[in-house]
Amino acid sequence: MTMPTAKSGSVGKAATSGFLWLVMQSFAARGIGFFSQLILARLLLPEDFGAIGLAFTVTTIANSLIGFGIDEVLLQRQKSIPLWEAPAFWLSFIISVVGMLGMCAMAPVAAYWYHSPELSGLIIAMALATPLRALATVPAARIRAEMDFRFLATYNTFDILALQILTIVLAALGFKAYAFALPFPIVGLLRAIWFWRRSAPKIGRSFRRVQVEYLFGNSTLVLLSRTLIEFVNQGDYIVLGLIASKTAVGYYFFAFRFAAQPVRMLAGNVSNVVFPALAQFRNDPPRQVEAVIRACRLLGYLVMPFCFLQAALAKPGLHLLFGERWMAAVPYVVILSIGLPFDALSWITGALLSARREFSRSFFYMLAAAPIFYALVIGGGWLDGVMGVALAVAIYYFTWPPATSYLVLMRNGVKWTTVAEFYFMPAFFATVAAAFGLLAAQIPGIRATDFGQCMAIGVVMCAAYVGLLALFRRDMLHEILKRFSGVGGKFRRKRAA
């Protein structure tokens, strides 16, 4: 029995459609996340953000066990997924239960380690979501294999909206840091129900031991890579939890959460679209490389201006919204907003390695990355506390992810000048455009108000960036406009229908 997949000639069309749907989801999620952040910043204190940030150091690392890499292995076997559903489901679910129990056991240890007794309850509350989200692992892999990005975009928007609404309601009711933790199991249950209604796997099928061994063996390197990724993602909080107060950690957590949104949404969505297409092009390596180059170039020219605009708006924007309450987070927002976009393109090159089943190479890169990251962060924290950690994180993302992207793409025959252009041309344009915006904000009459500065920076920077593209990279301007005109076309066709 096989599962229908997109024909070769329609993969590009499906990927383009998927990109458009996920772009719409990105803007919706960005809006939801932004307004949620504003409300939560008024309802909660920095120490509440700090507490949940420290709890995430345990739960996020443990949650890398949820899928155990099984989703990526299933996508490698798109045409025969139904034959692998039962072993994949049971293996994923059993491991997720073990992960939940492990988090519960680690909760008091983490509370003692960080000198924060309330962490035990926070970690246990979030741990309950682990097996619930694991229930959706196999259905999600089926949906991605079918390239039904419309469903994924719709659900992901709902997921984000439900999570943020529940968090805000609980924060307003006085649950403090628990407002972040308690919604996770609720939303995890809703995800499982929704995905099973859409694409329920047949988990009662018999399966052979060799299938479990295959899934376990091929998933192990994916698991190890994901675990290392999460150790890197949480490394700054681990270090800060040992050297800084919970309030200081809260300012950093607020800043990172704010700065990372464009990268996570744009890079995450583009990689989700690209990976199934790359898997279907597995027997056509030149076509895979061409798709990766196009995706990297498009993502680079989109994510850099978003993040640099965020950095430019940080000071007047946060002061306009919160007065002096969150101004201590401004330097961290600026630093992280400039450093994080350099990580975005490595999501695409990582998808290429996964599509080619080069799991050992991905693991090797992360094995090398982890000690580099921790050396930088520990050194930064020792030299200058929270500011040193923020600078160390930005330096890491500015150097290591581009280096791994160079290695992956150059190994596939892509010239180093092409790879460098993905990163440094859009970064240069975004820097110049941001400089124009900041200069405009200093004009007498405009600099007197935060709102005037924000408007000047936003309008001038966007106009300058588009102008630079029109002068020096007209092809990319046309590509971006083509993508977004496709979004508009979808809306018009939907309204006409």
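A brief structural summary. Remember, it's a predicted structure, so these values are computed and weren't measured experimentally.

Scanning the protein chain for helices and strands turns up 19 helices and zero strands. Restricting to contacts in the protein chain with at least 6 residues of sequence separation, those with at least 24 account for 84%.

This part takes up the packing of aromatic side chains. Note on aromatic pairs: each is described by the distance of the centres and the angle between the planes. With the rule as written, the count across this model stands at 33 aromatic pairs. Judged by centre distance (6.1 Å) and plane angle (85 degrees), the rings of Phe56 and Phe184 are edge-to-face. Pair noted here: Phe56 is in helix H2 (residues 46-63) and Phe184 is in helix H10 (residues 183-199), with a separation of 128 residues, a long-range link. Phe184 sits in the partly exposed class, given a relative accessible area of 24%. Seen from their ring centres, Phe254 and Phe258 are 6.2 Å apart, and the 25 degrees between their planes marks the pair as stacked. Within this pair, Phe254 and its partner Phe258 are both found in helix H12 (residues 246-280), separated by four residues, close to a single helical turn. Each of the two residues, Phe254 as well as Phe258, counts as buried. Positioned above the aromatic ring of Phe195, the side-chain terminus of Arg191 is 4.5 Å from the ring centre. One cation-aromatic arrangement involves Arg198 over Phe151; the distance from NZ or CZ to the ring centre is 5.6 Å.

Running from amino to carboxyl end, helix H13 (residues 285-322) crosses helix H14 (residues 330-339) at an angle of 170 degrees, the nearest separation of the two axes being 8 Å. Between H13 and H14, the interaxial angle falls into the category roughly antiparallel. From H13, Cys307, Phe308, Gln310, Ala311, Ala314, Lys315 and Leu318 reach across to H14, where they touch Val330, Val333, Val334, Ser337 and Ile338. Residue classes in the contact of H13 with H14 are distributed as nine nonpolar, two polar and one charged.

About the cut-offs
- Residues numbered from 1 in each chain as written.
- Predicted model: local features only at pLDDT ≥ 70, side-chain atom pairs only at ≥ 80, totals over all residues.
- Heavy atoms only, no water.
- Helix = DSSP H or I, 4+ residues; strand = E, 2+ residues; numbered from the N terminus.
- Contact = heavy atoms within 4.5 Å.
- Phe/Tyr/Trp six-rings, centres within 6.5 Å; stacked < 30°, edge-to-face > 60°.
- Buried < 20%, exposed > 50% of the residue type's maximum accessible area, 1.4 Å probe, protein only.
- Lys NZ or Arg CZ within 6 Å of the ring centre and 35° of its normal.
- Axes fitted to C-alpha atoms, helices over the stretch in contact; angles between N-to-C directions.
- Parallel < 35°, antiparallel > 145°, perpendicular 65-115°, else oblique.
- Nonpolar A, V, L, I, M, F, W, Y, C, P; charged D, E, K, R; others polar.

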